[in-house]
Amino acid sequence: MATIDIRSVRKSYAQTEVIKGIDCAIADGEFLVMLGPSGCGKSTLLRMVAGLEPITKGEIAIGGRVVNDLEPKDRNIAMVFQNYALYPHMSVYENMAYGLKIKGMPKAEIDAAVKEAARILELGPFLDRKPRQLSGGQRQRVAMGRAIVRKPQVFLFDEPLSNLDAKLRTQMRVEIKRLQSQLAVTSLYVTHDQVEAMTLADRIMVMNAGVAEQVGTPLEVYRRPASTFVAGFIGAPAMNFMPGRMGADGRSVGVDGGLSFTLAEGAAAAGRPVTLGVRPEHLHPANEIPDATTIALRVELVEALGADTVVHGRIEGTSGPILARLPGTARVAIGDVLPLAPAPGELHLFDAETGRRMAA
Amino acid sequence: MIARRSWTDAIPHLVLILGVAVFAFPIYVALVGSTWDAGTIGRGRLPLVPGPDGWANYDQALFGDRGGRISYVPVSQMMWNSFVMAMVITVGKIVISLLSAYAVAFFRFPGRMVFFWMIFITLMLPVEVRIVPTFEVISDLGMVNTFAGLTVPLIASATATLLFRQFFLTIPDELVEAAKIDGAGPMRFFFDVVLPLSRTNIAALFVILFIYGWNQYLWPLLVTSTREMETIVIGITKMLGTSDAQTDWNLIMATTILALLPPVAVVIAMMRTFVKGLVDGDK
Ligand SMILES: Nc1ncnc2c1ncn2[C@@H]1O[C@H](COP(=O)(O)OP(=O)(O)O)[C@@H](O)[C@H]1O
Ligand SMILES: [Mg+2]
């Protein structure tokens, strides 16, 4: 129904620039999640798409039509807010019907649309209640109902689940995913929760300080993070980083502490300062991985999570902590020295200066 | 346990009963006084039980000509004047302050804070302070002895504007934005969302402002000179002072009781709304 094109969009408040030039094309029916730490400008970008914030520079087009100068109501969008933003004095029915009433839709059609939304969201028994008589999850469903009755071209979500408890969050996440694929409406979804992002998204835009660090499918973002920021932000526990230097052969990296790792693909740039990354889940007992550089990890802390055991430790002679995620059956005690090795092809190489991915 | 509970209940009750007695006793005396003839009260020995003349007193106060004495306006006329004055002041103030508070709270326009502070400063100048210049203006406009002259200067003040502004600031931005996306323009948002949410505040203010208007003394005294425009508060004070013969205490007390009724009626009418607001008021 609608594509969204974000072209070199910038946003400044007075002197401070909070969105520093973002480009992104979102396909029809795609679910794009904007993920990033608090304050990185996710909401600001979403609100510019919604028309709630003026666009300082650049262009946003919805369905091929530039919407920079259109009012929110003329953009054919619907938005779900973090705090639900339901009208407290209106019943669930009136909350959902309000937008349609303003549009001047005939009463019978409004009634049909609201009843249909209530059926999809299982809100039938609550139509006469006021928002304050509903639980958090029900309120959020009303907010979604208000969005879907309008049959918009675009759904916008701003951290819609962050006020719910963990269990409800999981449940609503599934529900949102189901609804979105059922209705096939192009969606932008803001969150700082990577699990939400990974599970909901067709593609994720990882944002940091007003720039889009990477746009890619969840697996791309996990497997080939475009920068140290993305690498550190996606995945829990976070990726281990080791500062080092490219060897003369352009294939091996010597890291602080004297170890040397050989990369699957070369990156040239001999002698360059680099950051080598490896995820905790890709460190395995050294005897399982032949011909790999062995890391001798002195264990400082053991977190037994049941399915996994997360080991915090240090390589002799280096300062940075290294985490490893071992199977829950691993027997590890504090003070042990574990011989670990990275799985083949699971090393990530970043330029130490720019933080951008080099190869591997 | 039960004994203790009744003991701790007793003290607040005692205090309340004492308080009610202190406040209610003078009203009771007035009520009783309005049912005796002037002679009985005049002798200074007012019985504390109702007397036989209530009907006659009220009838005479409301509609009577008071035995042909000059310069007399029936209480019904004065009550009507007071009622119109209080009502116009109340409604006028609420409407104007709702609108100005809406502008100041929800819109960014040049000089917004300047206007806000200008409104705020008028709070510091009560009617009495600006009474002379105000009278000058009203009389130049030819509004002496009119309802307009009686009410307009009292409508312009900031108390309610400030109150509504503070309330409006508690309406979450997200709600405003949700309405924008729903396509509600500023006026629609005002009538469909802001106004219904303000109901409790409006009801409370209505009571306060109605009583404020009803009790006005100095300004009506100044701006009305004809008998037809006299308000009840002024009427009562005149009954007290000007009488050359015996003071008609029975009529004064009947008038006082009558003067109480409209504010009481307003309180009772509005009570339901703001009690409902308090009960509903959880977020
Ligand atoms: N109205 C505003 N005026 C000035 N700065 C703002 C305003 N709104 C947001 N910001 C700033 O813009 C940055 C991005 O905000 P936001 O988009 O809300 O972040 P996020 O949603 O990613 O947490 C923040 O640093 C915030 O302080
Ligand atoms: Mg935000």
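Look a little higher up for the structure.
Now for a description of the structure that goes with this document. (Residues numbered from 1 in each chain as written. Chains lettered and ligands numbered in written order. Predicted model: local features only at pLDDT ≥ 70, side-chain atom pairs only at ≥ 80, totals over all residues. Heavy atoms only, no water.)

**Here we look at the sheet that holds strand β18 (residues 321–327) of chain A**
All names here are of chain A. An order of β15-β19-β16-β17-β18 is seen for the five strands of this open sheet, with the pairing classed as antiparallel. Looking at the sheet topology across the chains shown, the edges are occupied by β15 (283–285) and β18. Strand-to-strand, the axes of this sheet are offset by a mean angle of 50°, without reference to chain direction. Sheet analysis places strand β16 (residues 295–304) next to strand β19 (residues 337–342), joined by four bridges and oriented antiparallel. Bridging from a neighbouring strand, Ile295 pairs with Leu340 of β19. (Pairing = 2+ DSSP bridges. Helix = DSSP H or I, 4+ residues; strand = E, 2+ residues; numbered from the N terminus. Axes fitted to C-alpha atoms, helices over the stretch in contact; angles between N-to-C directions.)

**Regarding the site of ligand 1**
Residue and element names in this part refer to chain A. Taken together, the neighbourhood of ligand 1 is formed by Tyr13, Val18, Pro37, Ser38, Gly39, Cys40, Gly41, Lys42, Ser43 and Thr44. Considering each element in turn, the shell around ligand 1 owes the most residues, three residues, to helix α1 (residues 42–50). Among the residues forming the shell around ligand 1, the class breakdown is four nonpolar, five polar and one charged. (Near = heavy atom within 4 Å. Nonpolar A, V, L, I, M, F, W, Y, C, P; charged D, E, K, R; others polar.)

**Observations concerning the pairing of strand β8 (residues 186–191) of chain A**
In regular strands, side chains alternate between the two faces of the sheet. Residues and elements named next belong to chain A. By the criterion of burial, β8 is predominantly enclosed, with six of the six residues buried. On β8, burial covers both faces: Thr186, Leu188 and Val190 on one face and Ser187, Tyr189 and Thr191 on the other are all buried. In the sheet, strand β7 (residues 154–158) pairs with β8 via five bridges, with the strands oriented parallel. In the strand pairing of β8, Leu156 is matched with Leu188. Between the parallel pair β7 and β8, the chain is carried across by helix α5 (residues 166–183), and the sense of this crossover is right-handed. (Buried < 20%, exposed > 50% of the residue type's maximum accessible area, 1.4 Å probe, protein only. Right-handed = clockwise from strand over helix to strand, strands pointing away.)

**A few points about the nonpolar core**
One finds Leu45(A) and Phe168(B) to be the most contacted residues of the largest nonpolar core, which totals 82 residues. It is helix α4 (residues 75–106) of chain B that provides the largest number of residues to this core, a total of 10 residues. With sequence-adjacent residues up to four places away left out, Leu45(A) is seen in contact with Ile6(A), Val9(A), Ile19(A), Ile22(A), Met34(A), Met205(A) and Met207(A). One finds Leu35(A), Leu86(A), Ile148(A) and Val185(A) within the second-largest nonpolar core, a separate group that totals 47 residues. (Core = buried A, V, L, I, M, F, W, Y, C linked by side-chain atoms within 4.5 Å. Contact = heavy atoms within 4.5 Å.)

**Observations regarding the environment of Gly29(A)**
Residue and element names in this part refer to chain A. Structurally, the position occupied by Gly29 is in the loop between β2 (16–26) and β3 (31–35). Since its relative accessible area comes to 23%, Gly29 is described here as partly exposed. Residues Gly29 and Ile4, 25 residues apart in the sequence, show an inter-C-alpha distance of 10.0 Å. Every residue in contact with Gly29, bar those within four places of it in the chain, is listed here: Ala2, Gln180, Ala184, Val185, Thr186 and Asp202.

**Some details on the interface of chain A and chain B**
Between chain A and chain B, the residue contacts involve 25 residues of the former and 17 residues of the latter. Taken together, the two surfaces of chain A and chain B that pack against each other cover about 1,900 Å², and 59% of this comes from carbon and sulfur. Between the two partners, chain A and chain B, sit one salt bridge. With a closest N to O distance of 2.7 Å, Glu177(B) and Arg47(A) form a salt bridge. Along the contact surface separating chain A from chain B lie seven residue pairs in polar contact (both at pLDDT 80 or more). Going through the elements one at a time, α1, β6 (77–80) and α2 (92–103) of chain A are the ones with two or more residues in the side of chain A that touches chain B. It is α2(A) that provides the largest number of residues to the side of chain A that touches chain B, a total of four residues. (Buried area = accessible area lost by both parts, 1.4 Å probe. Salt bridge = Lys/Arg side-chain N within 4 Å of Asp/Glu carboxyl O. Polar contact = N/O pair within 3.5 Å; in protein donor to acceptor, adjacent residues only side chain to side chain.)

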